[in-house]
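Reading the structure
In case you want the letters, here they are:
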Amino acid sequence: MVGKQGRVTGKIGPGLVGEVMIPIRGGVEAFYAHPSVPDEEFGIGSIVIVVEYFPPRTVYVARALV
Amino acid sequence: MSPELYIAAAGVILAAVVIILLFKAVWRVAEPNEALIISGLGARRRGEGGVDSLGFKIVTGKGTAVLPGFQAARRLRLDTRAANLQVSCVTQQGIPVHIRGVVIYKVGDDLSSIANAARRFLDQQDFMTSAIHELFTGHLRSIIGNLTIEDLILNRERLTSETRASAADEMSKLGLIVDSLQIQEIDDETGYIVNLGKPHAAKVAATARIAQAQRDQEATEAEQVAVANMAAARRDARIKEAAYQAEIDQAQATSRQAGPLSEATARQEVVVQETKAAELEAKLAEQRLQSQVRKPADAKAYETVTLSQAERDARIAQAEAEAKETELRAAAQASQIKLAAAAEAESVRLRGEAAGAATKIAGEAESEATRLRGMAEADAARAKGLAQAEAIKARAEALASNQEAVVAQQLAERWPEIVEAGAKAFGNVDHMVVLNGAQGVEEMLAKALTLGGAGLGLARALLNGGSPNGAEPEIIHKTTESRE
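How each quantity is defined
Residues numbered from 1 in each chain as written. Chains lettered and ligands numbered in written order. Predicted model: local features only at pLDDT ≥ 70, side-chain atom pairs only at ≥ 80, totals over all residues. Helix = DSSP H or I, 4+ residues; strand = E, 2+ residues; numbered from the N terminus. Contact = placed C-beta atoms within 7 Å. Nonpolar A, V, L, I, M, F, W, Y, C, P; charged D, E, K, R; others polar. pLDDT = per-residue confidence, 0-100.

Right, let's talk about the overall build of chain B for a bit. A count of helical and extended segments in chain B gives nine helices and eight strands. The long-range share in chain B, meaning contacts at least 24 apart out of those at least 6 apart in sequence, stands at 72%.

Between chain A and chain B, the contact holds 12 residues from the first and 14 residues from the second. Considering every element that reaches the side of chain A that touches chain B, the biggest residue donor is strand S3 (residues 27-35) of chain A, with three residues. Looking at side-chain class alone, the side of chain A that touches chain B contains six nonpolar, one polar and five charged residues.

Turning to the confidence of the model for chain B, a few remarks are in order. All names here are of chain B. Taken over all residues, the pLDDT of chain B has a mean of 83, while the share at 70 or more is 86%. Per-element mean pLDDT across chain B ranges from 43 in helix H9 (residues 471-483) up to 92 in helix H1 (residues 3-26). Scored below 50 in pLDDT, residues 47-51 makes three contacts in the model with residues more than four places away or belonging to other chains. When the criterion is pLDDT under 50, residues 466-484 qualifies, and its contacts beyond four places in sequence or with other chains add up to six contacts.

Residues and elements named next belong to chain A. For Phe31, the location among the structural elements is in strand S3. Sequence separation between Phe31 and Tyr53 is 22 residues; the distance between their C-alpha atoms is 9.6 Å. Residues contacting Phe31, with those up to four places away along its chain left out, are Val20, Ile22, Arg57, Thr58 and Val59.

Encoded structure:
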């Protein structure tokens, strides 16, 4: 799970619960997302990489170096 | 075929059927939309953490053998589920609204979610919807309370974000994930939403009306222009038509008049020729007159003029000669008369003187004679008057003595006048027819005279009766008059 890249579908930022679509198990699932670095923001459509995964559906993401 | 073979074949088939049935009783397959939760013998498996384990086995997407009696296999459906929500709440602005929505959720696909959900809902999967309904009713109320109606309507991002922020943790606890939250209907008792749209609607309506009016105006203008153009075209067409019609009429009239015109032209030619002929005849007649009448007349006139001029000249010359002669003669006579007159004047003077002397002597003699004659006549007249007076005196005496005789004498003196008066009776008769000839005339005259005689008698009676003495002065008067 960690290391996978995903697309932001809900704005990620401090005080917000963002959403990331991540391909997994042959499909694509939505995960609740938070920034791994505090005060970092990701707008919708940004590509992020999963840094931490907290089951069942929470990930911490960082900006992907595309 | 031996009976043993049949038995063996039947035994094989039976064995196969038994095996299939046995396998079917043991082997369970998890379909894609479900998870097999297997608990019992051998299901307790060491988890990743080592110490704590799941306590049951979760199988998804594959088959597994379940030992009847030793293991229990239950299916947890992973399908999408929907829960209808109805919430009465207030928005961030305090506007009361009645929200009707739907939340679409499912059991998460990862093992943790399946485990959480299995622990909670495995035996009461139908209860899941009511639980979610209760859960989301509260969440929706808080979500709506954080939003304005404009956000609710327009800002889906905000809505989903609030939904996640509000419900994420609790849903994770239940092993569920929210696929979607939809607001189906917002009942707005205060009319906020309706009023929200009104300015724009009015603006749009105004724009629409303006546009419509402008288009209408343009259309009307275009129509009027078109109508005007049509009228102009119609007018032009009619003008051209009239012009062509006029040409047609003219041509028709011309063609119609062509016959009479040519006839008239021909007749005109004839008349011209006739006129020329008449003129020629007139000229001929004139020439004839000239030659037959005028020339002789001119010649005669000329002759007469010439003759009269010659005669006049001759007379003038004669007159002049006579005048000269007369003049000379008059002069001679004048001198002659002058001499004669002088001589006569002298003789007259002498004769006058002689006559004067003679007349003077004669006058004296005659006056003497006249004087003497007058004296003689006067004497004679005096004597005659005396004699008449004597006679009248005597007649008066006689009248006084015998009046009848006097009257008869007077009547006898007046007899012709009486007869004339009797004849006057017949003077007024225009036509007198006498039937018995000359004898009748005599009788008639005799009667008239008899009447006159009767009148005479009457007159005499009047003289006698009316004024017997009146006759005398009249007669005397008459006598005096006659004497004078």
